[in-house]
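Spelled out, the chains give:
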Amino acid sequence: MHDSTKRCTCCVLSENFPKIEFDEKGVCNFCREELYHSTEKSYIDEATRAISEMFEKERGKAEYDAIVCYSGGKDSTLTLKLAVEKYKLKVLSFTLENGFTSPEANKNIERVVAALGIDHITFRPSKKFMRELYKVSSIYEIYNKKTLTRISANCNSCISIVNNTALKYAIEKNIPFILSGFTLGQIPLNAIYYKTNYAFLKESRQSTMDKLTDLLGDDVHKYMGISDRVIEQVKTYPVNINILCLESHTEKEIVDEILPLGWVPPKDVDGCSSNCRLNAFNNYVHETKYGYSPYELELSHLIRKNLLSREEALHKLLDQPMDQIRYAMKDLHIDESQLPRFKVQ
Amino acid sequence: MKTEVLTKESIQESFLEFLCQQFLVEREDIELEKSLVDTGIIDSMGLIEISAYLQREYDIKITEEKMNRNNFGSVIKIVDFVIREKL
């Protein structure tokens, strides 16, 4: 395993990560100052208490207590298991089939929902739209730079559709909670649970939606927009909750928890994904455009929490199969020359 | 939670410090009277982060109804909102 990138000697943040500075020992300012990853126990304790109270109050009132965004990956599989077995919620499992899900991940979804005995729905957007969305997300600057410190543009496009679709289902079925499998490091500490003013959220996403509409047409609103009708119609919006943030599992512990459900690690994905065959390409695009991996922040957080060794994190970052990158470029009709190149400032 | 006497100036100073640290921007990038979203400083998740920061720092309750452009439309509006909530 050879890594020629200059990185922090404690975590895996690299020299091109925004605002990074190294001291004489090669330790980055994020490790020194705990920027981004302050996991104050009081925050977690308060979230644990608040989430338990919310579940207690709403459990059993609607057809489903929660809709769980389920990708088939290991984190969302554990989220689903915890929702059903630990929190005793009646859940509706929901998968967005983006056209690049590993066949083994699809089998995992089948096996896990069967083992948990829960209802499941899959939404499969037009393959043509998804290809075009991924293509423009790869080539153009669509999203806020801060957003892209945590996630690749293509993953963000996909997750926007997941969130939007889950919200529509939740509103339609009066489901009080939307559960996702994000962990700390992927989201800010104070986003463990939150409610949003969707009218303001819609305004805040206007510039992104305008860019996407210019490039892709009005279908963008169908898949990623929040309609005025929905906003006017709804009195109370669901609460978004990331219950995995309350847990402290190593990757091995997560896998050990979900293996009894019939979950099998897919072999046709990169080191940072356990369900998506587009992820290697997404990371490649991000590194080409910005000079660092979209997983550096998350993996560095896990290292600081002693949930992952630095060596394991490096192994994940460097496990980017070229065959998957080439496959995605061919499928999306993207030429290498179309990708903007990162320039050292 | 802040316990010292709050003034517009002190709230603004603390808030700008928070923005610079959390959103990887320099002070000179922040236009006080313009929307933080429109100027690309924050995204929709940033609104959640700011809301949680204000609730924690100033012990105020921010319901989703209060997260609107009148209250969160700029640094100045956010500071004024905190002052109103603390009255």
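Above this note sits the structure.
Student: Could you give an account of the environment of E33 of chain B, with specific residues and numbers?
Tutor: Residues and elements named next belong to chain B. Along the chain, E33 turns up in the loop between α1 (8-23) and α2 (44-58). It is 15 Å that separates the C-alpha atoms of E33 and E9, two residues lying 24 residues apart in sequence. What E33 contacts, discounting residues up to four positions off in sequence, is S74 and I76.

Student: An account of the interface of chain B and chain A is needed here, citing residue identities and associated values.
Tutor: How large an interface is tends to be reported as the accessible area lost when its parts come together. Contact residues are listed per partner, giving 25 residues for chain B and 24 residues for chain A. Buried surface at the junction of chain B and chain A, summed over both partners, amounts to about 2300 Å²; 57% is from carbon and sulfur atoms. Applying the counting criterion to the chain B and chain A interface returns four salt bridges. One salt bridge connects R69 of chain B with E203 of chain A, and the closest N-O pair in it is separated by 2.5 Å. Secondary-structure elements contributing two or more residues to the side of chain B that touches chain A are α1, α2 and α3 (69-72) of chain B. When the residues that make up the side of chain B that touches chain A are grouped by side-chain class, the tally is 13 nonpolar, five polar and seven charged.

Student: Break down the pairing of strand β2 (residues 91-96) of chain A for me, citing the residues and quoting the values.
Tutor: Residues and elements named next belong to chain A. Most of β2 is tucked away: six of the six residues are buried. In β2, alternate side chains face the same way, and those of V91, S93 and T95 on one face and L92, F94 and L96 on the other are all buried. Bridging between strand β1 (residues 66-69) and β2 involves four bridges; their strand directions are parallel. Note on β2: the bridge partner recorded for I67 is L92. For the crossover that starts at β1, traverses helix α3 (residues 74-86) and ends in the parallel β2, the hand is right-handed. As a crossover connection, the stretch from β2 through helix α4 (residues 103-116) into strand β3 (residues 119-123) is right-handed.

Student: Describe the packing of aromatic side chains, listing the residues and the values that go with them.
Tutor: Applying the stated criterion across every chain, the model contains 15 aromatic pairs over all chains. Taken together, a centroid distance of 6.3 Å and an interplanar angle of 75° make the contact between F100 of chain A and Y327 of chain A edge-to-face. In this pair, F100 of chain A is assigned in the loop between β2 and α4 and Y327 of chain A in helix α15 (residues 322-331), connecting sequence segments 227 residues apart. The exposure class assigned to F100 of chain A is buried, which follows from its relative accessible area of 0%. Looking at Y327 of chain A, the relative accessible area reads 31%, which means it is partly exposed. Measuring from centroid to centroid gives 6.2 Å for F15 of chain B and F18 of chain B, while their planes differ by 20°, and the two rings are stacked. With F15 of chain B and F18 of chain B both in helix α1, this residue pair falls three residues apart, about one helical turn. Each member of the pair, F15 of chain B together with F18 of chain B, is buried. Members of the aromatic cluster, joined through ring pairs, are F15, F18, F23, Y53 and Y58 of chain B.

Student: Can you tell me about α2 of chain B, naming the residues and giving the values?
Tutor: In this model, α2 of chain B (15 residues) spans 21 Å end to end at C-alpha, consistent with the 21 Å of a helix rising 1.5 Å per residue. By the burial criterion, the buried members of α2 of chain B are G46, L47, I48, E49, I50, S51, A52, Y53, L54 and Y58 of chain B. Those residues of α2 of chain B hidden inside the fold are in contact with α2 (41-58), β5 (193-194) and α7 (198-204) of chain A together with α1, α3 and α4 (75-86) of chain B. Of the residues that open α2 of chain B, the one with a side-chain oxygen 3.2 Å from the backbone nitrogen of M45 of chain B is D43 of chain B. Taken from the residues just after α2 of chain B, D59 of chain B is the one with a positive phi, measuring 55°.

Student: Please set out α2 of chain A residue by residue, giving values where relevant.
Tutor: Because the α-helix completes a turn every 3.6 residues, residues three or four places apart line up on one side. With 18 residues, α2 of chain A extends 26 Å between its outermost C-alpha atoms, agreeing within 8% with the 26 Å of an ideal straight helix rising 1.5 Å per residue. Within α2 of chain A, burial applies to Y43, I44, A47, A50, I51, M54 and F55 of chain A. Buried residues of α2 of chain A, viewed axially, fall in a sector of 135°; they line one side. Opposite the buried face of α2 of chain A, at more than 90 degrees from it, the exposed residues are K41, E56 and K57 of chain A. Close packing links the buried residues of α2 of chain A with β4 (177-179), β5 and β6 (239-241) of chain A together with α2 of chain B.

Student: Explain the pattern of salt bridges residue by residue, including any values.
Tutor: Scanning the model with the defined rule gives 25 salt bridges over all chains in all. We note a salt bridge from E26 of chain B to K19 of chain A, for which the minimum N-O separation is 2.4 Å. Note that E26 of chain B is positioned in the loop between α1 and α2 and K19 of chain A in the segment before α1 (29-33), a pairing that runs across two chains. E26 of chain B sits in the partly exposed class, given a relative accessible area of 36%.

Reading the values: rules and limits
Residues numbered from 1 in each chain as written. Chains lettered and ligands numbered in written order. Predicted model: local features only at pLDDT ≥ 70, side-chain atom pairs only at ≥ 80, totals over all residues. Heavy atoms only, no water. Helix = DSSP H or I, 4+ residues; strand = E, 2+ residues; numbered from the N terminus. Contact = heavy atoms within 4.5 Å. Buried area = accessible area lost by both parts, 1.4 Å probe. Salt bridge = Lys/Arg side-chain N within 4 Å of Asp/Glu carboxyl O. Nonpolar A, V, L, I, M, F, W, Y, C, P; charged D, E, K, R; others polar. Buried < 20%, exposed > 50% of the residue type's maximum accessible area, 1.4 Å probe, protein only. Pairing = 2+ DSSP bridges. Right-handed = clockwise from strand over helix to strand, strands pointing away. Phe/Tyr/Trp six-rings, centres within 6.5 Å; stacked < 30°, edge-to-face > 60°. Expected span 1.5 Å × (residues − 1). Polar contact = N/O pair within 3.5 Å; in protein donor to acceptor, adjacent residues only side chain to side chain. Arc of directions from axis to C-beta.

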